[in-house]
Amino acid sequence: MTDSTSTSIMAPSGARRLTLGWEASWKTSNPEIAFAGDSQGRMRLSLSEHISNYGRIPTGFTYSLVSDSLRVANLTGRGGAKFPFYKKLAAVYEADRKKGCYVVANGAESEPLSIKDSLLLKTNPHLVIDGLVMVAEVLGAKGVYIYVKDKEAHSAVNSALRERRERGFTEAKVSVIDAPATYVAGQETSVIRRIEKGPAVPKFSIDRVAVSGVKGQPTLLSNVETFAHLGLILRFGADWYRSGRSGFDSGSRLVSVSGAVDRPGLYEVSSGVAIGDILREAKAHSVRALLVGGYFGGWLNVRDENDLRVAYDDFTLGDKKLSIGAGILGVLSKETCPVVEAASIVDYLAEQSAGQCGPCINGLPEISTAFARIALSSNIDRGISELKAVIPLVERRGGCQHPDGVIAHVRSTVAAFGDEIKLHKAGKCSVASSNHHSMLLPKKAQGNLAAASGR
Amino acid sequence: MKIVIDPTRCQGHGTCAALLAEYIEMDKWHFPILNRNQLSESHLEAAKKAVQLCPELAIKIIED
Ligand code: SF4
Ligand code: SF4
């Protein structure tokens, strides 16, 4: 794997690491935040552009070199689990790989508010592929897959793979697999089943995917963004990745910003920037609340500017029982009641059950109904006592994390908006309008919450 | 040894709860709740029977 276009390459700095070269004009007034575009189509970086941006694709890695770099870099998986990537790699490396192992980049992006994975694949597929094939070579993987959300991402990855073949790259063969547009399609075991040519619904497993994944063999599965960072770390080193910062994951990250903002879209931000600074670049207005991490994430109650001075890293967010999760910031304005919004999301999630497990099929609609009673103030006490009774019957009883994610959303709402729920109890709501149009649900999923509360 | 039930397979027939009342009760939707999963030697036979008789092959006994 060689290329003749070796010029002296500068390591990227500031907030433009993954998005370097997407478009020169996408700077913002803050060097730690870059606007990376919206969900509209963007040009794909060709292999030559990719190499002139980031330099040649390094080769000849050993497991210990990759593992050490990842450990020093402190890279964590970018799908939401916050798990150190070197530990995941070690679990696969140390598992029984006699019958082969597999490497999978998950770009299903089933969180409706996320656009990062698809946009990354559409614009910068080579960086993801670099990280993927490097780690596949170190593990001697038998199969390498990229699981993609849409046609555009699929064809961008295919074109990138074709360019690499035409350049004569001798590297692991990568297959592209389509994810269906369902919420559970991105769950680890759904991805595995889909690769095995089954339906993209979760499967119950006692073992971790690292030990028993594709065809029952050890499988390294992580979000596509994780592999893109790996492609950079193996080029520029762990010290560059940390850029003098200590602590948790200190690299940049992609953040999808949506809701009550004038400039929605994807941002690449340096570790630790204040949430308020990101929202300023996105031109958020009259912020009432923030959904952090996605539908499986949690809520931040925004009473004044100070609530937005939180650093966007998992250390700081952890103190507030929040997490970066899938890199989503959903902004609610003062025109929307956050509890109603949360209940609408929970109702959507209840409908997204894969319909396999009794407690999930039966329990999620009950949770949604009880929660809607609280949100719509139709019968708050009844709603609360129903929630208390049903949650223990559902929690940790599903075949996957879906029901627990729904419960986490309910708990986070109750913890964040005690003030609002009190108002509802008094027959009021901080929002004057009774016209509850959801700001953070996909259009086709604008459900009828009123119906849920009356079930 | 431990009992595990695969919730994606289980259809809630309840045969298991009848055989392993010390471990399994049925919830209000008629799906099994595993109250404890560490299997004691004296219940091994009953557990094996539950594994055999579960119509959905949803129960397993695993070494821990
Ligand atoms: S818990 Fe729900 S979403 Fe998960 S596998 Fe079971 S039915 Fe499907
Ligand atoms: S016997 Fe099998 S299918 Fe029936 S409740 Fe028990 S585990 Fe479920």
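Residues numbered from 1 in each chain as written. Chains lettered and ligands numbered in written order. Predicted model: local features only at pLDDT ≥ 70, side-chain atom pairs only at ≥ 80, totals over all residues. Heavy atoms only, no water.

**As for the packing of helix 4 (residues 116–123) of chain A against helix 8 (residues 224–236) of chain A**
Residues and elements named next belong to chain A. Operational definition: An axis is simply a line fitted to the C-alpha atoms; with a helix, the fit covers only the stretch in contact. Between two such axes, the angle follows the N-to-C directions and lies from 0 to 180 degrees. Numbering of helices and strands runs from the N terminus; a helix is a DSSP stretch of H or I covering at least four residues, while a strand is a stretch of E covering at least two. Oblique is the label for every angle not falling under 35 degrees (roughly parallel), over 145 degrees (roughly antiparallel), or within 65 to 115 degrees (roughly perpendicular). Here, two residues are considered to be in contact whenever any of their heavy atoms come within 4.5 Å of each other. Following the grouping adopted for this structure description, the nonpolar residues are Ala, Val, Leu, Ile, Met, Phe, Trp, Tyr, Cys and Pro, the charged ones are Asp, Glu, Lys and Arg, and the polar ones are all others, Gly among them.
Contact geometry of helix 4 with helix 8 gives a least axis separation of 9 Å together with a crossing angle of 45 degrees. Relative to helix 8, the element helix 4 is oriented oblique. Side by side, helix 4 and helix 8 meet where Lys116, Asp117, Leu120 and Leu121 of the first sit next to Val224, Glu225 and Ala228 of the second. When grouped by side-chain class, the residues that make up the contact of helix 4 with helix 8 number 4 nonpolar, no polar and 3 charged.

**Considerations on the pairing of strand 8 (residues 287–292) of chain A**
Residues and elements named next belong to chain A. To be explicit about the condition: Throughout, exposure labels follow a simple rule: accessible area from a 1.4 Å probe, protein chains only, divided by the maximum for the residue type, with under 20% read as buried, over 50% as exposed, and the rest as partly exposed. At least two bridges found by DSSP between two strands is the condition for calling them paired.
Burial within strand 8 is extensive, with 6 of its 6 residues counted as buried. As judged from the 4 bridges shared by strand 8 and strand 9 (residues 298–301), these two strands associate in the antiparallel manner. By the bridge assignment for strand 9, Ala289 is matched with Asn301. In sequence, strand 8 turns back onto strand 9 through a hairpin of 5 residues, with Gly293 there showing a positive phi of about 100 degrees.

**Some remarks on the interface of chain B and chain A**
To keep it simple, the criterion reads: As a working definition, buried area equals the accessible area (1.4 Å probe) given up by two parts on being put together, with both sides summed. Take a side-chain nitrogen of Lys or Arg and a carboxyl oxygen of Asp or Glu: if they are within 4 Å of each other, that pair is a salt bridge. Under this definition, polar contacts are N or O atom pairs within 3.5 Å; protein pairs additionally need one hydrogen-donor-capable and one acceptor-capable atom, and for neighbouring residues in sequence, both atoms have to be side-chain atoms.
In this complex, chain B contributes 12 residues to the contact, which on the side of chain A involves 16 residues. Surface buried jointly by chain B and chain A totals about 1,200 Å² across both partners, of which 69% is contributed by carbon and sulfur atoms. Among the ionic pairs, Asp27 of chain B bridges to Arg397 of chain A, the shortest N-O distance being 2.8 Å. Summed over the shared surface of chain B and chain A, the result is 4 residue pairs in polar contact (both at pLDDT 80 or more). Counting residues per element, the ones that place at least two in the side of chain B that touches chain A are strand 1 (2–5) and strand 3 (32–34) of chain B. Of the residues in the side of chain B that touches chain A, the class split is 8 nonpolar, 1 polar and 3 charged.

**Thoughts on unusual backbone geometry**
All names here are of chain A. Although it is not a glycine, Lys283 sits at a positive phi angle of roughly 55 degrees. Relative to the helices and strands, Lys283 resides in the loop between helix 10 (275–281) and strand 8. Judged by relative accessible area, which is 47%, Lys283 ranks as partly exposed. One non-glycine residue, Arg396, adopts positive backbone phi at about 60 degrees. Within the fold, Arg396 resides in the loop between helix 14 (380–394) and helix 15 (402–416). When its relative accessible area of 68% is taken as the criterion, Arg396 is described as exposed.

**Some details on the nonpolar core**
Residues and elements named next belong to chain A. The condition is simple: Take the buried residues of types Ala, Val, Leu, Ile, Met, Phe, Trp, Tyr and Cys, join any two whose side-chain atoms come within 4.5 Å, and each joined set is a nonpolar core. Note: domain ranges come from an automatic or database domain assignment.
Within the largest apolar cluster, 88 residues are counted, with the highest numbers of intra-cluster contacts made by Val103, Ile146, Phe227, Leu290 and Tyr312. If one sorts the elements of this core by residue count, helix 5 (residues 125–139) sits on top with 10 residues. When residues are assigned to domains, this core turns out to be shared by domain 1 (38–242) and domain 2 (252–328), each giving three or more. Aside from chain neighbours lying at most four places away, what touches Phe227 is Phe85, Val103, Val104, Ala105, Leu127, Val128, Gly131, Leu132, Val135, Leu220 and Ser222.

**Examining the site of ligand 2**
Let me state the cut-off plainly: We call a residue near a molecule or strand as soon as one heavy atom of that residue lies within 4 Å of the molecule or strand.
Residues in contact with ligand 2 amount to 13 residues; listed here are only the nearest, Cys10, His13, Gly14, Cys16 and Cys54 of chain B. Residues that form the shell around ligand 2 fall into these classes: 7 nonpolar, 5 polar and 1 charged.

**Overview of the domain arrangement of chain A**
One frequently used descriptor of interface size is the decrease in accessible area upon assembly of the parts. Residue and element names in this part refer to chain A. Domain parsing of chain A yields domain 1 (38–242), domain 2 (252–328) and domain 3 (338–453). A C-alpha centroid distance of 34 Å is found between domain 1 and domain 3. At the junction of the two partners, domain 1 supplies 11 residues and domain 3 supplies 11 residues. Around 930 Å² of area is buried between domain 1 and domain 3 when both sides are counted, 62% of it from carbon and sulfur atoms.

**Some thoughts on the site of ligand 1**
The environment of ligand 1 is made up of 14 residues, and the closest members are Ala354, Gln356, Cys357, Cys360 and Cys400 of chain A. More than one chain lines the surroundings of ligand 1; the residues nearby belong to chains A and B. Residues that form the shell around ligand 1 fall into these classes: 7 nonpolar, 7 polar and no charged.

**A word on the packing of aromatic side chains**
Residue and element names in this part refer to chain A. Here is the rule we go by: For Phe, Tyr and Trp, where Trp contributes only its six-membered ring, two rings pair if their centres lie within 6.5 Å, and the inter-plane angle classes them as stacked under 30 degrees, edge-to-face over 60, or tilted in between. Counted as over-ring charges are cases with an Arg CZ or a Lys NZ within 6 Å of the ring centre that also lie within 35 degrees of the ring normal.
Applying the stated rule across the entire model yields 11 aromatic pairs over all chains. A centroid spacing of 6.2 Å and a plane angle of 15 degrees characterise the contact between Tyr183 and Tyr295, whose relative ring orientation is stacked. On the criterion of sequence distance, the pair formed by Tyr183 in the loop between strand 4 (174–178) and helix 7 (188–195) and Tyr295 in the loop between strand 8 and strand 9 is long-range, its members being 112 residues apart. A ring pair is formed by Trp299 and Phe417, whose centres lie 5.8 Å apart and whose planes are at 65 degrees; its orientation type is edge-to-face. Here Trp299, found in strand 9, pairs with Phe417, found in the loop between helix 15 and helix 16 (418–425); they are 118 residues apart in sequence, far enough to count as distant. Under the relative-accessibility criterion, Trp299 is labelled buried at 4%. Taken together, the ring pairs connect Tyr183, Tyr295, Phe296 and Tyr348 into an aromatic cluster. Just above the ring of Trp240 sits the side chain of Arg17; from NZ or CZ to the centre is 4.4 Å.

**Some remarks on helix 15 of chain A**
Residue and element names in this part refer to chain A. For clarity, the threshold we go by: Expected helix span is given by 1.5 Å per residue-to-residue step, counting one fewer step than there are residues.
Spanning 15 residues, helix 15 covers 21 Å between terminal C-alpha atoms, matching the ideal 21 Å at 1.5 Å per step. Of all the positions in helix 15, only His402, Pro403, Gly405, Val406, Ile407, His409, Val410, Ser412, Thr413 and Ala416 are classed as buried. Residues of helix 15 that are buried sit in contact with strand 8, strand 9, helix 12 (338–351), helix 13 (358–375), helix 14 and helix 16.

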